[in-house]
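Close look at the chain arrangement
Chain residues, written in single-letter form:
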Amino acid sequence: QVQLVESGGGLVQAGGSRRLSCAASVSIFRINPMGWYRQALGKQRELFALITSRGITNYADSVRGRFTISTGNAKNTIYLQMSSLKPEDTAAYYCNALSYGNGWYPFGSWGQGTQVTVSS
């Protein structure tokens, strides 16, 4: 079972930037796309960014143009560069491996996540 560890969260002012990291216990990225999810208090966890092994990316409208997903050289790490942060970006952020079946769904075990809090 792949284990995932997210890091890099913290408190940031609106308009600021933050970089999150996600380390996988094995290099699964050769096979499966990887995605970033977030879950705000009282809301469902949502997928908002993904990257395939070929480097194809896709973003939710809410983050497109502000967030960038990328991979590390070792192929077992992905990053999320966040800029122009807004208070509504406040959430716990998670990564996971993805599979497709009538939409993208996560198939790895969830890590502990990393909290990002954006102050106004």
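For the structure itself, consult the block above.
Description of the structure in this document.

What counts and how
- Residues numbered from 1 in each chain as written.
- Predicted model: local features only at pLDDT ≥ 70, side-chain atom pairs only at ≥ 80, totals over all residues.
- Heavy atoms only, no water.
- Core = buried A, V, L, I, M, F, W, Y, C linked by side-chain atoms within 4.5 Å.
- Buried < 20%, exposed > 50% of the residue type's maximum accessible area, 1.4 Å probe, protein only.
- Helix = DSSP H or I, 4+ residues; strand = E, 2+ residues; numbered from the N terminus.
- Contact = heavy atoms within 4.5 Å.
- Pairing = 2+ DSSP bridges.
- Axes fitted to C-alpha atoms, helices over the stretch in contact; angles between N-to-C directions.

Moving on, we get to the nonpolar core. Judged by nonpolar contacts, the single largest core of 25 residues is most densely connected at Trp 36, Phe 48, Phe 67, Ile 69, Leu 80, Met 82 and Tyr 93. Every element with two or more residues in this core is listed here: strand E3 (18-24), strand E4 (34-39), strand E5 (46-51), strand E7 (67-71), strand E8 (77-82), strand E9 (91-100) and strand E11 (114-119). No other element matches E9, which puts four residues into this core. When near neighbours in sequence (up to four residues on either side) are disregarded, Phe 67 contacts Arg 38, Phe 48, Tyr 59, Leu 80, Gln 81, Met 82, Ser 83, Leu 85, Asp 89 and Tyr 93. Within the second largest apolar cluster, five residues are counted, among which are Tyr 37, Leu 50, Ala 92 and Tyr 94.

Look at any regular strand and the pattern is simple: side chains alternate between the two faces of the sheet. Among the ten residues of E9, eight are classified as buried, and the element is accordingly described as predominantly covered. Sheet topology places E4 next to E9; six bridges connect them, and they run antiparallel. Across the sheet, the residue bridging to Met 34 is Ala 97, located in E9. Two elements, E9 and E11, share three bridges in a ladder whose sense is antiparallel. Its bridge partner being in E11, Tyr 93 is matched across the sheet by Thr 114. Bridge count between E9 and strand E10 (residues 104-106): three bridges; the pairing is antiparallel. Residue pairing in the sheet places Ser 99 in a bridge with Tyr 105 of E10. Between E9 and E10, which pair antiparallel and follow one another directly, the connecting turn spans three residues, one of which, Asn 102, has a positive phi of 60°.

The next point concerns the sheet that holds E3. Within a sheet, neighbouring strands are paired by backbone hydrogen bonds and run either parallel or antiparallel to one another. Spatially, E1-E3-E8-E7 is the arrangement adopted by the four strands of the open sheet, whose pairing is antiparallel. Each edge of the sheet is formed by a strand with only one pairing partner; in this case those strands are strand E1 (4-7) and E7. Strand after strand, the sheet turns through a mean of 15° between neighbouring axes, direction not considered. Pairing analysis gives five bridges linking E7 to E8, with the strands arranged antiparallel. Across the sheet, residue Ser 70 finds its bridge partner in E8, namely Tyr 79.

Any link to function would need more than the numbers given here.
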